[in-house]
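Remarks on the overall topology
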Amino acid sequence: MDALEELAGLLTSGKMLSMGAEAAVYLTSFMGENFVVKYRFPKKYIHPLLAEELIVKRTKREARVLLNTRLNGLCVPRLFFTMLSKGILVMEKINGSRLDELIGKVYPGEEQSTTFSRIYYNIGVVLGKLHSMNIIHGDFSVSNLMIKDEGLTELCIIDFGLSDFSNDPEDRAMDLRILFKSMESRFPRYLPSFRDKVIQGYKAGITGFNFNSVIQRLREMELRGRYVKERRRKHKTSVHNI
Amino acid sequence: MENAVIQSLYNLPRERNSVILGIESTAHTLGIGIVSYPPFEILSDIRFKYNPQTGGLHPRLVTEYMVSNAGNALEKAITEAGIKSSDIDGIAVALGPGIGPQLRVGATLARALALSLKKPLIPVNHAVAHIEIGRLLCGKKDPLVVYISGGNTQLIVYKETRYRVVGETLDIALGNLLDIFSRETGIAPPYIVNGRHAVDICAEGGSFIRGFPYTVKGQDISYSGLLTAALRYAMKNPHAINNVCYTLREIAFAQLIEASERALTSTDKKEILMVGGVAANDCLHGKYFEMSKERRIDYCRVDKMYAGDNGVMIAWTGVLGYLHGLSVPIENAVARQRWRIDEVGIPWMP
């Protein structure tokens, strides 16, 4: 136990890269190699029993999904070490930029160029492949997509903290919805072309399930939000309009 | 509230004196508020809140209640403000989103007033009004807004001329979850006693039950599975009601906070503002306070007094609209039950 504590302390003593919603991410190095340490720590404002339930479940699932996707040839961080009881995962550091940073900072004005069109299409392809393995990302947002520095072509997915195994069209559609909403909240102007490209790529990337079932579910989901007008089909000009 | 502070929060082109009367009637409260600016001053704040003896909000009964109190409320608001009706520069009204029959009470009253006083009618989106009174009272320029009430649970940020919903409930609202649970298990009505919700009172001394569903999807959340599980458990184990209340509350709040943290990370906001009726919940407030301390960000909840629906927030948003010359022809001032916040242009954002 003491050795375990010590190791956990050591792993989380590096430089904090980010404080995510459910975990802190540290950068640490060992024998000249950089690693990312993801540490899900219990929070004061979450009940300890609930925190424990979530931490163990999510850490375990993230580890399984990272291995599975890697074996199937997708670019995700390589997993080196897990410490389930402490909620710790040690992973490869991907050298690249987050997609939202890339759009927002590196290439202002170029968000709709062919380079970016290719990236957007590729996002759809990669998500399609992921779904074809019956894996759901759970937080497939623009900030969880990395573009590798060299050549700006290889697309990697990070943060499988909310991932799950599922072949339900609803869950698949949810990944798309999260992606589009994350784009909308960061760069609303680019959403239409982004959406088109991603959906084209998604259609090309999937195997073994029906494309339309997912797209239809996505549409239904979008209508489910609060006060969505299209949901109300009839009585458009009735006595109620006073 | 000092003018300089307000000017840092808002882009207001015409600094002329304005007195605006605001009408709120989207759900359970008929509120009439009168606000003057500059300087910002609340001249009156009249509220008639419908409290059902049994069941929930029956639209017809709430509407009857509102109609029978409307004249009285208006008279009181003007008397309390110590002004003549001719001193009013404009009539602001919450045209939506909300429950149709109730909305029509406010819309009708507003049209009648605007016609008889010959003053402009300023349309106000109810959700925008919750945010603007919160931004004003908390002095927050560009926060992540957590808007929680009986009918709404949304995470909102301002981006490119509009407020955008970056996360929301996919089914029922947080307030709705607490209300339905307490009604079905018989611990309410009354839903609120001495400022505390029936679920909070019942949760006292409760302990955590493992295995209830916890659903966060990206920055969205879902409450209906949790509600079903809690109700089912409570029916089977009536003696464990305190534990169920406690667990329901812990999970519901944890889901919302996790979604908020995700939204904070993805939007890079450094401030949180909590508004809406459920913002008055002290347990939730405590948890947000802890979270913001841990993340070292600014957090503010709207003054409890203005968390629930009121006419003042409509009047204040009316002032902002009035100074930007926004108004609507009488014949177009109709109730809009489904008026999403991202359809509204916000010209007063600096």
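Reading guide: rules and limits
- Along each chain, numbering runs from 1 in the same order as the chain's sequence is written.
- Chains and ligands are labelled by the order in which they are written, letters from A for the one and numbers from 1 for the other.
- In keeping with the predicted nature of the model, local features appear solely for residues at pLDDT of at least 70, side-chain atom pairs appear and are counted solely at 80 or more, and the whole-chain, interface and lining totals rest on all residues.
- Calculated side-chain values reflect all of the structure's heavy atoms, with hydrogen atoms and water omitted.
- Secondary structure follows DSSP: runs of H or I at least 4 residues long count as helices, runs of E at least 2 residues long count as strands, and numbering of each begins at the N terminus.
- The buried label goes to any residue with under 20% of its type's maximum accessible area, the exposed label to any with over 50%, and the partly exposed label to all in between, with areas taken from a 1.4 Å probe on protein chains only.
- Residue contacts follow a heavy-atom distance rule, with two residues in contact if any of their heavy atoms lie within 4.5 Å.
- What sets the accessible areas is the Shrake-Rupley method with a 1.4 Å probe; for residues, cover comes only from the shown protein chains.
- When DSSP finds two or more bridges between two strands, those strands count as paired.
- Angles shown run from 0 to 180 degrees and are taken between the N-to-C directions of axes, each axis being a line fitted to C-alpha atoms and, for helices, limited to the stretch in contact.
- Under this scheme an angle from 65 to 115 degrees is roughly perpendicular, one under 35 degrees roughly parallel, and one over 145 degrees roughly antiparallel; angles in between are oblique.
- When the near helix sits turned anticlockwise from the far one by under a right angle, the crossing is termed left-handed; a clockwise turn instead gives a right-handed crossing.
- Any pair of nitrogen or oxygen atoms within 3.5 Å is treated as a polar contact; in protein, a donor-acceptor pairing is required on top of that, and neighbouring residues in sequence qualify only through side-chain atoms on both sides.
- Here the quantity called buried area is the total loss of accessible area, with a 1.4 Å probe, experienced by two parts when brought into contact, counted for both.
- When a carboxyl oxygen of Asp or Glu lies within 4 Å of a side-chain nitrogen of Lys or Arg, that pair is called a salt bridge.
- The nonpolar class holds Ala, Val, Leu, Ile, Met, Phe, Trp, Tyr, Cys and Pro. Asp, Glu, Lys and Arg form the charged class, and all remaining residues, Gly among them, are polar.
- The source of the domain bounds is an automatic or database domain assignment.
- Two aromatic rings from Phe, Tyr or Trp, using only the six-membered ring of Trp, form a pair when their centres are within 6.5 Å; if the ring planes differ by under 30 degrees the pair is stacked, by over 60 it is edge-to-face, and anything between is tilted.
- Whether a charge sits over a ring comes down to the Lys NZ or Arg CZ being within 6 Å of the ring centre and within 35 degrees of the ring normal.

1. Quick look at the overall build of chain A
Secondary structure summary: chain A contains seven helices and 10 strands in total. Each of the 242 residues in chain A was classed as buried or not, and the buried ones make up 51%. When contacts within chain A are restricted to residue pairs at least 6 apart in sequence, long-range pairs at least 24 apart make up 61% of them. Put simply, chain A shows about 11900 Å² of open surface, and 52% of that area lies on carbon and sulfur atoms.

2. Section: the sheet that holds strand 8 (residues 145–148) of chain A
All names here are of chain A. Here we have three strands laid out as an open sheet, ordered 6-8-9, and antiparallel in their pairing. Of all strands in the sheet, those bounded by a partner on one side alone are strand 6 (96–98) and strand 9 (155–157). The mean angle between the axes of side-by-side strands here comes to 35°, regardless of whether they run parallel or antiparallel. With three bridges connecting them, strand 6 and strand 8 associate as antiparallel partners. By the bridge assignment for strand 8, G96 is matched with K148.

3. Description of the packing of helix 5 (residues 174–184) of chain B against helix 7 (residues 224–236) of chain B
Residue and element names in this part refer to chain B. Viewed as axis vectors pointing N to C, helix 5 and helix 7 meet at an angle of 20°, and their least axial separation amounts to 10 Å. The angle between helix 5 and helix 7 places the two elements in the roughly parallel class. Judged by the sense of rotation from one axis to the other, the crossing of helix 5 with helix 7 is right-handed. Here L177, I180, F181 and E184 of helix 5 come into contact with helix 7, specifically with L226, L227, A230, L231, A234 and M235.

4. Focus on the side chain of A:S185
On the secondary structure map, A:S185 appears in helix 5 (residues 169–186). Given a relative accessible area of 4%, A:S185 falls into the buried group. A polar contact is formed between the side chain of A:S185 and the backbone oxygen of A:S182, at a distance of 3.2 Å. Apart from the residues lying within four places of it in its own chain, the contact partners of A:S185 are B:K159 and B:V166.

5. Some points on the interface of chain B and chain A
Each partner contributes residues to the interface: chain B has 48 residues there, and chain A has 40 residues. Buried surface at the junction of chain B and chain A, both sides included, amounts to about 4300 Å², of which 49% is carbon and sulfur. Among the residues of chain B in contact with chain A, B:R262, B:E294 and B:R338 are the three that bury the most area, contributing 16% of the side total. Our count for the contact surface shared by chain B and chain A stands at 11 salt bridges. The shortest N-O distance in the salt bridge between A:E22 and B:R262 comes to 3.6 Å. Counting every contact that joins chain B to chain A gives 14 residue pairs in polar contact (both at pLDDT 80 or more). For the side of chain B that touches chain A, the secondary-structure elements that each account for two or more residues are helix 3 (100–117), strand 7 (153–159), strand 8 (162–168), strand 11 (216–217), helix 8 (241–267) and helix 9 (282–295) of chain B. Top element by residues in the side of chain B that touches chain A is helix 8 of chain B. It accounts for 11 residues. Residues belonging to the side of chain B that touches chain A are distributed by class as follows: 16 nonpolar, 10 polar and 22 charged.

6. Some details on the domain arrangement of chain B
Residue and element names in this part refer to chain B. Split by domain assignment, chain B resolves into domain 1 (3–131 + 307–343) and domain 2 (144–268). Computed over C-alpha atoms, the centres of domain 1 and domain 2 are 28 Å apart. Across the boundary between the two partners, domain 1 contributes 14 residues, which contact 11 residues of domain 2. Both faces considered, domain 1 and domain 2 share a buried interface measuring about 1000 Å² in area, 64% of it formed by carbon and sulfur atoms. Summed over the shared surface of domain 1 and domain 2, the number is one salt bridge. In this structure, E168 engages R340 in a salt bridge whose closest nitrogen and oxygen atoms are separated by 3.5 Å. Between the two partners, domain 1 and domain 2, sit three residue pairs in polar contact (both at pLDDT 80 or more). Within the side of domain 1 that touches domain 2, the residues separate by chemical class into five nonpolar, six polar and three charged.

7. So, the packing of aromatic side chains
Summed over all chains, the structure comprises 15 aromatic pairs over all chains. Taken together, a centroid distance of 4.8 Å and an interplanar angle of 80° make the contact between A:Y120 and A:F194 edge-to-face. With a gap of 74 residues between them, A:Y120 in helix 4 (residues 114–132) and A:F194 in helix 6 (residues 191–205) connect regions that are remote in the sequence. When the ring of B:Y50 is compared with that of B:Y65, the centres are 5.4 Å apart and the planes differ by 65°; the resulting orientation is edge-to-face. Separated by 15 residues along the polypeptide, B:Y50 in the loop between strand 3 (41–49) and helix 2 (59–81) and B:Y65 in helix 2 bring together distant segments of the chain. Members of the aromatic cluster, connected to one another through ring pairs, are A:F116, A:Y120, A:F180 and A:F194. Of note, A:R172 hangs over the ring of A:F209, and the distance from its end group to the ring centre comes to 3.7 Å.

8. Topic: the side chain of B:H126
Residues and elements named next belong to chain B. Along the chain, H126 turns up in helix 4 (residues 126–138). A polar contact is formed between the side chain of H126 and the side chain of D309, at a distance of 3.3 Å. With sequence-adjacent residues up to four places away left out, H126 is seen in contact with E24, T26, G96, P97, Y147, D309 and M313.

9. Here we look at the pairing of strand 3 (residues 33–39) of chain A
Residue and element names in this part refer to chain A. One ladder, built from seven bridges, connects strand 2 (residues 24–30) with strand 3; its direction is antiparallel. Opposite L27, over in strand 3, you have V36 as the bridge partner. Count of turn residues in the strand 2/strand 3 antiparallel hairpin: two residues, of which M31 carries a positive phi of about 50°. Pairing between strand 3 and strand 5 (residues 88–92): five bridges, direction antiparallel. Residue V36 lies in a different strand from strand 5, and its bridge partner there is M91.

10. Quick word on the sheet that holds strand 1 (residues 18–24) of chain B
Residue and element names in this part refer to chain B. The sheet built from five strands is open, its strands ordered 3-2-1-4-5 with mixed pairing. Of all the strands in the sheet, just strand 3 and strand 5 (121–125) have a single pairing partner and so form its edges. The sheet shows a mean angle of 20° between the axes of neighbouring strands, taken without regard to direction. Here strand 1 runs beside strand 2 (residues 29–37); their pairing, made up of seven bridges, is antiparallel.

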